[in-house]
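# Fold and geometry: a report
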Amino acid sequence: MITIQVDEKACVSCTLCVDACETRVFAFNDATGLPEVVNAKECFGCLACSAACPANAIDHTGVPHSMNFYYDLHSLDMLSKMTGDAADAVPAIASADVKRGLDDLGARLLSLGAVLSATLRSGLPAVGTFAGRTLANQLPRYRVPKNFEEALALAIEEFAPAWQLEPKVSGDTLTITVKDCFLRRLAQKHNSETGGDLCTLFYHYLAGYLSRMGKVRLRHTATERGCDACTYTAQIHPS
Amino acid sequence: MKAKISTEWLSGCSGCHVAIVDLHEKLLNLADEVEFVRVPVLMDEKGYPEADIGIVEGAIRSVHDREAVEHMRDSVRTLVAFGTCAVYGGPSGIGWLHDSESVFAQVYDGGPTNAGHERPDAGAPRLEESVVPIDEVVEVDFLLPGCPPSPYFIAAALRLLLDGSGPKLSKRTVCSGCTRKMSRRPGTALRKGAVTAADERLCLLSQGVVCMGSVTLDRCFSPCPQKGVACTGCNGPSLNIIREPQVDYRGVLAGTMSFLTGISEADVKAYIEAEAKTFYAYSLASPAIYKKPTVELREWAGDGHRHD
Ligand code: SF4
Ligand code: SF4
Ligand code: SF4
């Protein structure tokens, strides 16, 4: 079982933990200026509250450590050397973990193979669409959009770290203007041209994702590419 | 038998050694248990006598620093990187952004305080190409950042290393010791530069001042923000930032500040990038910071971006 402890002396009353928790474990008590754990059993150990807390005042017990494959081992090693607490040391990767990692990688390669063989004959657009739908299928379900509008808003938010997307829906036509684009920046950095295969993949990826999340069918009608912004247009059909 | 302590001072300001003396009466309590066999600011010991605990202040900047830290490693049982320079490179770590030739050129060839424009290369140890924390050169057993670490944490660390007793070293950030409250103040503007904040009870971030308390490990009891001066992160990054490869000062500060004030994250990030040498001053020579995929220090503040 996961337990949650807020260090009340350390807390600076920002309310960020209340907002960060997707399963609403915390409620903020305005009178005391402190968050209260009101729903501990809903905690699934994502540690979003702990990451958001400016004071690092929230401690959990019983949260299984994620595999340390993506960590930087030198940085991990610093933690326990800094606190003198062996609990801060993430255990070295055991050979059983490596096997699990390889199994996982194998599974991913198999599904990639499935995507490719299911779509190769229909070309890049189909690969993109398939990958977008796969993403939508794999996301956690605590924020299922009610309709296409919500799905669109959610997608804009989710892509925001790398793409600035401005959507417009008029009648059954969806136009998305891509203002700030990670791919365009990448291409500029390497002096290569935009508008190639990567863009095709991206547009269909976005469309595949949107159509699965918003429960519609999107029929791509046009893409216009520009130096500062590109636009993607599609017809929206009920699925 | 008393535990022997040996200390060494590399590229640092000696402030960490002064902080040991700052232990005051705690030093007297320790005197029954420890014996100092080498302390550059207090004793004339040129060699590296054997010791149980070795305390190293300062970063590796010159060939002398590298040799000295190797001698320390060979002569002590437990080696402590003491202070932010030893742990992360500290302020001299800014040399990591430039090669040693351009550092020389900047300081000596045109420097206003060096009229003869002479380089001190005779009799001075050669500068290395870059600056690194000491654990890039030797295996280190304990890390005590702080600029300098507060005497409380020095005593706690020594207790831990001597017999495993004493209080735990805090895992919290500088905010945890700050008496200010973070409240939402939508409409507050970003205030740049060394500004103070009018409201004494309200968090500096809520007042538009970029305080680094939330991204900085507490080894100081937060003196700066409590006096109305933004924390500059001199203890180095919080445990969250060290642990998570994708989490960085810039993103965390922009997110928290935007939540509190409505200032756009992009504005906060642009400001931090423009002033990267200030916001990353203490830790940029550490791979724990510069290796992060979101940190482009050489692009923000490297040789191509000198403001001179
Ligand atoms: S996020 Fe941390 S500081 Fe903010 S209210 Fe929650 S416990 Fe307190
Ligand atoms: S951000 Fe600075 S002023 Fe605000 S609570 Fe933290 S240390 Fe205090
Ligand atoms: S509050 Fe910040 S700048 Fe001041 S001593 Fe502590 S870590 Fe250093």
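Residues numbered from 1 in each chain as written. Chains lettered and ligands numbered in written order. Predicted model: local features only at pLDDT ≥ 70, side-chain atom pairs only at ≥ 80, totals over all residues. Heavy atoms only, no water.

### Some thoughts on the site of ligand 3
Taken together, Val174, Thr216, Cys220, Pro223, Cys224, Pro225, Cys231, Thr232, Gly233, Cys234 and Asn235 of chain B make up the full set of residues adjacent to ligand 3. Looking at the shell around ligand 3, its residues break down into seven nonpolar, four polar and no charged. (Near = heavy atom within 4 Å. Nonpolar A, V, L, I, M, F, W, Y, C, P; charged D, E, K, R; others polar.)

### As for the nonpolar core
Core analysis: the biggest nonpolar cluster contains 55 residues, and Phe26 and Ile58 of chain A together with Met182, Tyr249, Tyr280 and Leu297 of chain B have the highest contact counts within it. Elements supplying a minimum of two residues to this core: strand E1 (3–6) and helix H1 (16–20) of chain A together with helix H9 (249–261), helix H10 (265–274), helix H11 (276–279) and helix H13 (297–301) of chain B. Ignoring any residue separated from it by four or fewer positions in sequence, one finds Tyr249 of chain B in contact with Met212, Val215, Gly236, Pro237, Ile241, Phe279, Tyr280, Ser283 and Ile289 of chain B. Judged by nonpolar contacts, the second largest core, of 30 residues, contains Ala162, Leu183, Phe202 and Cys230 of chain A. (Core = buried A, V, L, I, M, F, W, Y, C linked by side-chain atoms within 4.5 Å. Buried < 20%, exposed > 50% of the residue type's maximum accessible area, 1.4 Å probe, protein only. Helix = DSSP H or I, 4+ residues; strand = E, 2+ residues; numbered from the N terminus. Contact = heavy atoms within 4.5 Å.)

### Re helix H7 (residues 182–189) of chain A
Residues and elements named next belong to chain A. Every buried residue of H7 is accounted for by Leu183, Arg184 and Ala187. Along the long axis of H7, the arc covered by the buried residues comes to 100°, so they all point the same way. Among the exposed residues of H7, those oriented more than 90 degrees off its buried face are Gln188 and Lys189. Asn191 sits one or two positions beyond H7 and adopts a positive phi of about 55°. (Arc of directions from axis to C-beta.)

### What about the domain arrangement of chain A?
The assigned domain composition of chain A is domain 1 (3–61) and domain 2 (97–238). Using only C-alpha atoms to locate each centre, domain 1 of chain A and domain 2 of chain A end up separated by 34 Å. (Domains from an automatic or database assignment.)

### Topic: the environment of Lys46 of chain B
Residues and elements named next belong to chain B. Secondary-structure assignment places Lys46 in the loop between strand E2 (34–38) and strand E3 (51–57). Classification of Lys46 as exposed rests on a relative accessible area of 66%. Only 2.5 Å separates the side chain of Lys46 from the side chain of Asp44, close enough to count as a polar contact. (Polar contact = N/O pair within 3.5 Å; in protein donor to acceptor, adjacent residues only side chain to side chain.)

### Observations regarding the domain arrangement of chain B
Accessible area lost upon the coming together of the parts serves often as the stated size of an interface. Residue and element names in this part refer to chain B. For chain B, the assigned domains are domain 1 (3–163) and domain 2 (175–274). Between the C-alpha centres of domain 1 and domain 2 there is a distance of 29 Å. Contact residues are listed per partner, giving 10 residues for domain 1 and 10 residues for domain 2. Sorting the residues of domain 1 by area buried against domain 2 places Tyr88, Pro145 and Phe153 first, and these three jointly supply 57% of that buried surface. For the pair domain 1 and domain 2, the number of links is zero salt bridges. If you look at where domain 1 meets domain 2, you find two residue pairs in polar contact (both at pLDDT 80 or more). Elements with a contribution of two residues or more to the side of domain 1 that touches domain 2: helix H4 (84–88) and helix H6 (151–163). (Buried area = accessible area lost by both parts, 1.4 Å probe. Salt bridge = Lys/Arg side-chain N within 4 Å of Asp/Glu carboxyl O.)

### Thoughts on the pattern of salt bridges
Going through the model one piece at a time under the given rule, you end up with 18 salt bridges over all chains. Ionic pairing is found between Asp109 of chain B and Arg119 of chain B, a salt bridge with its closest N-O pair at 2.8 Å. Taken together, the residues Asp109 of chain B in helix H5 (residues 100–109) and Arg119 of chain B in the loop between H5 and strand E6 (127–132) connect sequence positions 10 residues apart. Residue classification places Asp109 of chain B among the partly exposed residues on the basis of a relative accessible area of 33%. When salt bridges with common partners are traced through the structure, they connect Asp7 and Asp59 of chain A together with Arg172 of chain B into a single cluster.

### A closer look at helix H8 (residues 197–214) of chain A
With 18 residues, H8 of chain A should reach 26 Å at 1.5 Å per residue; the first-to-last C-alpha distance of 25 Å fits that figure. Lys215 of chain A sits one or two residues past H8 of chain A and shows a positive phi near 55°. (Expected span 1.5 Å × (residues − 1).)

### What about the packing of aromatic side chains?
According to the stated counting rule, one finds 16 aromatic pairs over all chains in the structure shown. Judged by centre distance (5.7 Å) and plane angle (80°), the ring pair of Trp163 of chain A and Phe182 of chain A falls under edge-to-face. You can see Trp163 of chain A sitting in strand E5 (residues 163–170) and its partner Phe182 of chain A sitting in helix H7, a full 19 residues away along the chain. Arranged with centres 5.6 Å apart and planes meeting at 55°, the rings of Phe202 of chain A and Tyr203 of chain A form a pair that is tilted. Tyr203 of chain A shares its class with Phe202 of chain A; the two are buried. Among the aromatic residues, those joined into a cluster by ring pairs are Phe159, Trp163, Phe182, Phe202, Tyr203, Tyr205, Tyr209 and Tyr232 of chain A. When the ring centre of Tyr48 of chain B is taken as reference, the NZ or CZ atom of Arg38 of chain B above it lies at 4.3 Å. Residue placement shows Arg184 of chain B over the ring face of Phe259 of chain B; its charged tip is 3.9 Å from the ring centre. (Phe/Tyr/Trp six-rings, centres within 6.5 Å; stacked < 30°, edge-to-face > 60°. Lys NZ or Arg CZ within 6 Å of the ring centre and 35° of its normal.)

### Concerning the packing of H9 of chain B against H10 of chain B
Residue and element names in this part refer to chain B. Running from amino to carboxyl end, H9 crosses H10 at an angle of 140°, the nearest separation of the two axes being 8 Å. Relative to H10, the element H9 lies oblique. Handedness of the crossing formed by H9 with H10: right-handed. Residues Arg250, Gly251, Leu253, Ala254, Gly255, Met257 and Ser258 of H9 form the contact with H10, whose participating residues are Glu265, Val268, Lys269, Ile272 and Glu273. The residue inventory of the contact of H9 with H10, partitioned by class, reads five nonpolar, three polar and four charged. (Axes fitted to C-alpha atoms, helices over the stretch in contact; angles between N-to-C directions. Parallel < 35°, antiparallel > 145°, perpendicular 65-115°, else oblique. Left-handed = near helix turned anticlockwise from the far one by under 90°.)

### As for the confidence of the model for chain B
Looking at chain B as a whole, its pLDDT mean stands at 92, while 98% of the residues score no less than 70. Reported for the predicted complex are a pTM of 0.75 and an ipTM of 0.89. (pLDDT = per-residue confidence, 0-100.)

### What about the site of ligand 2?
Inspection of the region around ligand 2 gives Val12 of chain A together with Cys175, Cys178, Arg180, Met182, Cys203, Leu204, Leu205, Cys211, Gly213 and Pro225 of chain B as its neighbouring residues. Near ligand 2, the surrounding residues belong to chains A and B. Class assignment of the residues belonging to the shell around ligand 2 gives a composition of nine nonpolar, one polar and one charged.

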